[in-house]
Amino acid sequence: RDQMYTKPTPHRKNFPSKLRNFEYGTSWDNIDENLLVLFHGLGDTTTNFAKLAVTMKLPQTAWLALQAPLPLLDIGYMWLPSFTTHGDVITFDMARDEALRALLPDLLSFFSVLNEQYDWPFDRIFLLGFSQV
């Protein structure tokens, strides 16, 4: 491809309220053909995964590091409840299953916005997750 082509930067206000915290970057070669969406692990934030995306330097690939919606003490965020009020680890049970089902419509809406408002075809969106995803 002879020309540079970058997609518009996503605006937080267009996304579901639970999923408005993210970092976005265009591809290093300024040809945004693919989008890598990164989901951080338990207790992390977008910062480390944004650094990972920049370090990976994937050709023709913009990136979006999405932050989980649930705070985890003062250290970071989580996608699903992971601890009881007493600090015990919650195993995959009904409560976590319900939390995942509650988050799913927001995730689907998030990807629909990327597709409909920012022209990212679904077959060009790739996911990378760690830990809770």
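Provided above is the structure to which this section pertains.
Residues numbered from 1 in each chain as written. Predicted model: local features only at pLDDT ≥ 70, side-chain atom pairs only at ≥ 80, totals over all residues. Heavy atoms only, no water.

(A) Representation of the sheet that holds strand β1 (residues 22-25). Ordered by their spatial adjacency, 4 strands build an open sheet running β1-β3-β2-β6, and the pairing between neighbours is mixed. Among the strands making up the open sheet, the edge pair consists of β1 and β6 (125-129). Looking at each pair of strands side by side, their axes are set apart by 20° on average, direction ignored. Sheet topology places strand β2 (residues 34-39) next to β6; 5 bridges connect them, and they run parallel. Residue Leu-38 lies in a different strand from β6, and its bridge partner there is Leu-128. This element, helix α1 (residues 46-56), spans β1, β2, β3 (61-66) and β6 of the sheet and lies at about 165° to β3. (Pairing = 2+ DSSP bridges. Helix = DSSP H or I, 4+ residues; strand = E, 2+ residues; numbered from the N terminus. Axes fitted to C-alpha atoms, helices over the stretch in contact; angles between N-to-C directions. Contact = heavy atoms within 4.5 Å.)

(B) Structural view of the environment of Asp-44. Positionally, Asp-44 belongs in the loop between β2 and α1. Here Asn-48 takes part through its side chain, which lies 2.9 Å from a polar atom of the side chain of Asp-44. (Polar contact = N/O pair within 3.5 Å; in protein donor to acceptor, adjacent residues only side chain to side chain.)

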